[in-house]
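Structural overview
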Amino acid sequence: MIWIWIAVIAVAVVIEAISAQLLSIWFALGGFAALITSIFTDNVVIQLVVFAAVSTVSIAVIFPFAGKIIKKEHIKTNADRYVGKIGIVTDDISNINAKGQVKVDNQIWSARSESGVDIAAGTKVEVLKIEGVKLIVSAAEQND
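In what follows, the accompanying structure is described. Every chain is numbered independently, its residues counted from 1 as its sequence is written. Only residues with pLDDT of at least 70 are given local features in this predicted model, and only at 80 or more are side-chain atom pairs given and counted; all residues enter the totals for whole chains, interfaces and linings. For side-chain calculations, the full set of non-hydrogen atoms in the structure is used, while hydrogens and water are omitted.

**Re the sheet that holds strand β2 (residues 99-104)**
Strand pairing in a sheet relies on backbone hydrogen bonds. The paired strands run either parallel or antiparallel. Here is the rule: A strand pair is defined by DSSP finding two or more bridges across the two strands. Runs of E in the DSSP output that reach at least two residues are strands. Runs of H or I that reach at least four are helices, and both are numbered from the N terminus. Helix axes are fitted to C-alpha atoms over the stretch in contact, other axes to C-alpha atoms as well, and angles between N-to-C directions run from 0 to 180 degrees.
Taking strand neighbours around the barrel as the criterion, the 5 strands line up as β1-β2-β3-β5-β4 in a closed arrangement whose pairing is mixed. Neighbouring strand axes in the sheet, compared pairwise and without regard to direction, differ in orientation by 50° on average. Sheet analysis places β2 next to strand β3 (residues 107-113), joined by 4 bridges and oriented antiparallel. Across the sheet, the residue bridging to Gln101 is Ser110, located in β3.

Quick look at the structure:
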């Protein structure tokens with residue numbers, strides 16, 4: 001049974017190395033505990049219980065801390081990077097007439113008003129979200 005636990009540990013470590021997302025490290029720890037147990041007893045049921053218990057406790061105890069340590073910052077790389085930015089209306093926005101354009105970061109986008117109220121050309125707007133290929137905007141608060 002020792003070789004089975006070594007194989008379980010090896011597979012779990014390889015999967016973890018490939019993914020690096022804490023998918024199987026718990027089972028490697030459980031496999032290691034079961035491997036140690038197999039040195040002292042040939043009872044497969046006891047080994048399986050140790051494997052399951054250590055794996056479960058590892059997930060319950062370590063996962064919350066590990067999640068904080070490896071929390072990845074979301075980097076906006078596509079159109080979502082425009083959300084929250086300020087743009088200038090280049091063509092009057094009218095939801096009723098389905099027209100309007102906004103320039104944000106030197107890019108021209110079709111735009112619609114979130115509230116449905118028309119917004120005149122030259123008005124500063126904030127991008128609230130993107131629906132399809134249209135920016136959904138609202139007039140930006142004037143701080144000048």
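**Let's talk about the side chain of Ser58**
We apply this condition: Between N or O atoms, a polar contact is any pair within 3.5 Å; within protein, one atom must be a potential hydrogen donor and the other a potential acceptor, and residues adjacent in sequence are included only when both atoms are from side chains. The contact criterion used is simple: two residues touch if any of their non-hydrogen atoms lie within 4.5 Å.
Looking at where Ser58 falls in the secondary structure, it is placed in helix α3 (residues 44-69). A polar contact is formed between the side chain of Ser58 and the backbone oxygen of Val54, at a distance of 2.7 Å. When neighbours within four sequence positions are excluded, Ser58 is seen to be in contact with Trp26, Leu29 and Phe63.

**Some words on the nonpolar core**
Operational definition: Working definition of a nonpolar core: buried Ala, Val, Leu, Ile, Met, Phe, Trp, Tyr and Cys residues. They are joined through side-chain atoms within 4.5 Å. For each residue, the accessible area found with a 1.4 Å probe, counting protein chains only, is set against the maximum for its type, and the residue is called buried under 20%, exposed over 50%, and partly exposed in between.
Judged by nonpolar contacts, Tyr82, Val89, Ile93, Val102, Val104, Trp109, Ala111, Ile119, Val125, Val127, Leu135 and Val137 together constitute the single largest core of 12 residues. Mapped by element, the contributors of at least two residues to this core are β1 (86-94), β2, β3, β4 (124-131) and β5 (134-139). Counting residues in hydrophobic clusters, the runner-up holds 5 residues, among them Trp5, Ile9, Leu35 and Phe51.

**Notes on the environment of Asn95**
Assignment of secondary structure puts Asn95 in the loop between β1 and β2. For Asn95, a relative accessible area of 26% puts it in the partly exposed group. Sequence separation between Asn95 and Ala111 is 16 residues, and the spatial gap between their C-alpha atoms is 8.7 Å. In contact with Asn95, not counting residues within four places along its chain, are Arg112, Ser113, Gly116 and Asp118.

**Details of the pairing of β5**
Regular strands have side chains that alternate between both faces of the sheet. Bridging between β3 and β5 involves 4 bridges; their strand directions are parallel. For Ser113, the partnering residue across the bridge sits in β5 and is Val137. Taken together, the 6 bridges between β4 and β5 define a ladder with antiparallel strand orientation. Residue pairing for β5: Val125 is matched across the bridge by Ala139. Linking two consecutive strands that pair antiparallel, namely β4 and β5, is a turn of 2 residues; a positive phi of about 65° is found at Gly132 within it.

Keep in mind these values describe shape, not function.
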